[in-house]
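# Results of the structural survey
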Amino acid sequence: MRTAIGDDRTAALRGVEDAFAGFMSRSALPRLRQRVTEAVGAGVDFAAFPLLGRIAMWGPIRPSELSDRMGLDLSTVSRRITDLEKEGMVRRAPDPDDRRAHLLEVTPKGERVVQRLRQARSSMLEEALEGWSTAEIRELAASLDRFTSALAELA
């Protein structure tokens, strides 16, 4: 027989599961993707934007390290990098520690795209969180960060 505390925790976990599933399905809505893509105005597939942002944040970085840190297959990362290179947003530079390897870095054009991407996401979040207090937004950010870290530890 469950205790009331167990029932409360089970119900709370079910609430998180439902909210998370809803978030994941809504975050992939084509209209949101289209909105961000149009705001950015870049000639790159929406799926390449996270890579571009991470290269800007972590670069210069080896493709294999980028793949590992993002939890993506290297072949997927390589295809996206090729697209970003063709658009002039990313370039390869020799790795000073290993001449056989190369590092990825964002070009000035890529930096401009990253800035537009950040502005588009920020604008969308500002709109979605309208009516939320600053304290509620901070609490959401802290909770999401903690949740993401806990999920990462499971992987």
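Throughout what follows, the structure given in this document is the object of discussion. In this text, all values refer to a predicted model and were calculated from it rather than measured experimentally.

Right, let's get into the packing of helix α3 (residues 49-58) against helix α6 (residues 108-128). Taken N-terminus to C-terminus, the directions of α3 and α6 make an angle of 110 degrees; their axes are 10 Å apart at the nearest point. Between α3 and α6, the crossing angle belongs to the class labelled roughly perpendicular. Classified by chirality, the crossing of α6 by α3 is left-handed. Between α3, through F49, L52, G53 and A56, and α6, the contact on the second element is made entirely by G110, E111, V113, V114 and L117. Each residue belonging to the contact of α3 with α6 can be placed in one class, and the counts come to 6 nonpolar, 2 polar and 1 charged.

Residues of helix α4 (residues 63-70) that are buried include every one of P63, L66 and S67, and no others. Seen from one end, α4 has its buried residues packed into an arc of 100 degrees, which puts them on one side. Where α4 ends, the next residue or the one after it, G71, has phi of about 70 degrees, a positive value.

To continue, consider the packing of aromatic side chains. The full count for this structure, using the stated rule, is 0 aromatic pairs. It is R69 that lies over the ring of W58; its NZ or CZ is 4.1 Å from the centre.

Our next topic: the nonpolar core. Membership of the largest hydrophobic core comes to 22 residues, with the highest contact counts inside it found for L52, L66, L84 and L104. For this core, the elements supplying multiple residues, two or more each, are α2 (30-40), α3, α5 (74-86), β2 (98-106) and α6. Top contributing element to this core by residue count: α6, with 5 residues. For L104, the residues in contact, after removing those within four places along its chain, are I55, G59, P60, I61, P63, L66, I81, V90, R91 and R92.

It is worth spelling out unusual backbone geometry at this point. Of note, the bond from G59 into P60 is cis; its omega dihedral lies within 30 degrees of zero at -5 degrees. Locating P60 in the fold gives a position in the loop between α3 and α4.

Right, let's talk about the pattern of salt bridges for a bit. For side chains bearing opposite charge, pairing can occur when the charged atoms are close. Using the criterion set out here, one finds 6 salt bridges in the structure. Note that D95 and R62 form a salt bridge whose closest N and O atoms lie 2.8 Å from each other. Of the two residues, D95 is situated in strand β1 (residues 90-95) and R62 in the loop between α3 and α4; the sequence distance between them amounts to 33 residues. Taking relative accessible area as the criterion, D95 reaches 4% and is therefore assigned buried. The partly exposed category is assigned to R62, whose relative accessible area is 30%.

Glancing now at the layout of surface pockets. Considered as a void within the structure, the second largest pocket measures approximately 210 Å³ in volume. Together, R9, A12, L13, V16, E17 and F147 line the second largest pocket. The leading source of residues in the lining of the second largest pocket is helix α1 (residues 4-27), at 5 residues. Considering only residue class, the lining of the second largest pocket consists of 4 nonpolar, no polar and 2 charged.

Rules used throughout
- Residues numbered from 1 in each chain as written.
- Predicted model: local features only at pLDDT ≥ 70, side-chain atom pairs only at ≥ 80, totals over all residues.
- Heavy atoms only, no water.
- Axes fitted to C-alpha atoms, helices over the stretch in contact; angles between N-to-C directions.
- Helix = DSSP H or I, 4+ residues; strand = E, 2+ residues; numbered from the N terminus.
- Parallel < 35°, antiparallel > 145°, perpendicular 65-115°, else oblique.
- Left-handed = near helix turned anticlockwise from the far one by under 90°.
- Contact = heavy atoms within 4.5 Å.
- Nonpolar A, V, L, I, M, F, W, Y, C, P; charged D, E, K, R; others polar.
- Buried < 20%, exposed > 50% of the residue type's maximum accessible area, 1.4 Å probe, protein only.
- Arc of directions from axis to C-beta.
- Phe/Tyr/Trp six-rings, centres within 6.5 Å; stacked < 30°, edge-to-face > 60°.
- Lys NZ or Arg CZ within 6 Å of the ring centre and 35° of its normal.
- Core = buried A, V, L, I, M, F, W, Y, C linked by side-chain atoms within 4.5 Å.
- Salt bridge = Lys/Arg side-chain N within 4 Å of Asp/Glu carboxyl O.
- 1 Å grid on protein atoms, 1.4 Å probe; cavity = no way out; pocket = protein on both sides within 12 Å on 5 of 7 lines; lining within 4 Å.
- Points joined across faces, edges and corners; volume = space filled by probe spheres on them.

Geometric values such as these leave the question of function open.
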